[in-house]
Amino acid sequence: LRFGSHYELIVTDERSYRSDHAIPEETAAVAFEYFNPRYVVPAADVDVCDAGSSAPAGATITSLTLPNPRATAPVGTMLGKPQKDWWKATMMGSTATWKVWGNQVPFMRFFIKNTTGSLVSDRVMDADAWDGYPRERRELTQFLATNNIKNVVLLTGDIHAHFAGTVSDDFTAATPTAVATEFIAAGISSNSVFSFYEGASRGGAAAAARPLVTVDASASGGSAFTENMNMLLVHGTNAAGTFAQTRDRTMALAASDRTINPHLKYADCNAQGFGIAKFTATQVDVVLTTMERPIDNSAAVKRTASFTVPKDNPAGMTGPELTGTRPFPL
């Protein structure tokens, strides 16, 4: 959909044409390090399974060295080939200043490094999103980089949280280059991703990782359910682990490792709200709004986070400029 010369909206369907998830349910069921076959899954296992038949011969997954369950399958796809070809052709052919991708599930990498030992292995947060299809994601980002396609902005949902950041040409590279920006908006009425992880970590195997999701910091002036998940994703496992042990925000931020998810600029995991993006000839302005609970006709704004992306410079994203109650640990 073309809207004047400023922007063109390119929408993809990421449910109807995708291949199966990288990790089969039956594999996760017999591997002790799995909390769930979709969420907080071992990153190395996703890489092997997503590669399918292109993985090295004899490649195994998990510490149990199980054979690759996708050894005879093609490389995973989120879009399917016809839709992917259309996406590439549309991106190449667009003459609009801004190529706005209506993207259904988070594209940015959400890497969780196993530096505290409680996670057994390095993990990705959500293999139901693009983190579960890393080869096709890299194919798309390399396509943007190789063809010098500029001013791509992803508008995303379906994670029940607010996030903002840049999209890298290769999220695993030592020196990644930003090729696009992504803004992820929370739903106005659905429960937050934080509430899902808080509930899932109350017992069972996931209970060991609960302090990385939430801690009771009420004795030190914080919340009984402080959203340590924000700290985990933006600042890394050491920072989140330090906060869990000390309840001291300053000490935790001193342990920050921004090399883990350097592209992630903002996380508000416990949010209900909405996002608004404004496109002009020279920049994109985005405001992510979080509402107070309960969400009803009297609900007030809890906070806003504002960002600006200048034309031709995704790495030049500024923000968040915040109003209202700041999300932990900001």
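What counts as what
By convention here, each chain's residues receive numbers from 1 onward along its written sequence. The predicted nature of this model means local features are confined to residues of pLDDT at least 70 and side-chain atom pairs, given and counted, to a pLDDT of 80 or more, with totals for whole chains, interfaces and linings taken over all residues. Processing note: side-chain calculations cover all non-hydrogen atoms of the structure and skip hydrogens and water entirely. Pairing of aromatic side chains requires ring centres within 6.5 Å, counting the rings of Phe and Tyr and the six-membered ring of Trp. Pairs whose planes differ by under 30 degrees are stacked, by over 60 edge-to-face, and all others tilted. A ring has a charge above it when a Lys NZ or an Arg CZ is no more than 6 Å from the ring centre and no more than 35 degrees off the ring normal. Residues belong to one nonpolar core when they are buried, are Ala, Val, Leu, Ile, Met, Phe, Trp, Tyr or Cys, and are joined through side-chain atoms within 4.5 Å. Buried residues are those whose accessible area, probed at 1.4 Å on protein chains only, stays under 20% of the maximum for their type, while exposed residues exceed 50% and partly exposed ones sit between those limits. Counting from the N terminus, the helices are DSSP H or I runs at least four residues long and the strands are E runs at least two residues long. Note on definitions: a residue-residue contact is assigned when non-hydrogen atoms from the two residues lie within 4.5 Å. Any two strands with at least two DSSP-identified bridges between them are counted as paired. Axis definition: a line fitted to C-alpha atoms, limited for helices to the stretch in contact. Angles are taken between N-to-C directions and run from 0 to 180 degrees. Counted charges follow a simple rule, with Lys and Arg positive, Asp and Glu negative, and His plus the chain ends left uncounted. What makes a salt bridge here is a side-chain nitrogen of Lys or Arg within 4 Å of a carboxyl oxygen of Asp or Glu, nothing more. Throughout this description, a polar contact denotes any pair of N or O atoms lying within 3.5 Å of each other; where both atoms belong to protein, one of them has to be capable of donating a hydrogen while the other can accept it, and for residues adjacent in sequence the pair is counted only when both atoms sit in side chains.

K.L.:
Could you give me a rundown of the packing of aromatic side chains, with the residues and numbers involved?
P.N.:
Under the counting rule described, the total for this entry stands at 11 aromatic pairs. Directly above the aromatic system of Phe111 lies the positively charged group of Arg109, at a separation of 4.0 Å from the ring centroid.

K.L.:
Outline the nonpolar core, supporting the account with residue identities and numerical values.
P.N.:
One finds Trp130, Phe163 and Leu233 to be the most contacted residues of the largest nonpolar core, which totals 53 residues. A per-element tally of this core places helix α6 (residues 228–235) first, with five residues. In contact with Phe163, not counting residues within four places along its chain, are Met108, Phe110, Glu182, Phe183, Ile184, Leu233, Leu264, Tyr266, Ala267, Cys269 and Leu288. Membership of the second largest hydrophobic core comes to 18 residues, among which are Ile23, Tyr34, Val48 and Ala55.

K.L.:
An account of the sheet that holds strand β15 (residues 301–310) is needed here, citing residue identities and associated values.
P.N.:
Here four strands make up an open sheet; going across it, the order is β13-β14-β15-β16 and the pairing antiparallel. The sheet is open, and its two borders are formed by β13 (273–279) and β16 (318–324), each paired with just one other strand. Each strand axis lies, on average, 15 degrees off the axis of its neighbour in the sheet, ignoring direction.

K.L.:
Go over unusual backbone geometry with me, naming the residues and quoting the values.
P.N.:
Backbone torsion omega between Arg293 and Pro294 reads -5 degrees, so that peptide bond is classified as cis. With respect to the helices, strands and loops of the structure, Pro294 is situated in the loop between β14 (283–291) and β15. Even without glycine at this site, Asp312 takes up a positive phi of about 65 degrees. Along the chain, the position of Asp312 falls in the loop between β15 and β16. With relative accessibility at 42%, the residue Asp312 sits in the partly exposed group.

K.L.:
Can you lay out the sheet that holds strand β7 (residues 111–112) for me, pointing to particular residues and giving the numbers?
P.N.:
A sheet is described by the order of its strands in space; here three strands give the open sequence β3-β8-β7, paired in antiparallel fashion. Each edge of the open sheet carries a strand with a single partner, namely β3 (39–42) and β7. By the bridge criterion, three bridges tie β3 to strand β8 (residues 123–126) in an arrangement that is antiparallel. The residue of β8 that forms the bridge with Val41 is Val124.

K.L.:
So, the side chain of Arg123: which residues are in play, and what are the values?
P.N.:
One can find Arg123 in strand β8. Buried within the structure, Arg123 lacks any salt-bridge partner; Glu33 is the closest side chain of opposite charge, at an N-O distance of 6.5 Å. Here Glu33 takes part through its backbone oxygen, which lies 2.5 Å from a polar atom of the side chain of Arg123. Within polar-contact distance, the side chain of Arg123 engages the backbone oxygen of Val40 at 2.6 Å.

K.L.:
How would you explain the environment of Ser190 if you had to name every residue and give the values?
P.N.:
Tracing the sequence through the fold places Ser190 in the loop between β11 (178–184) and α5 (193–200). The exposure class of Ser190 is partly exposed, given its relative accessible area of 24%. The contacts of Ser190, once residues within four sequence positions are left out, are His160 and Gln272.

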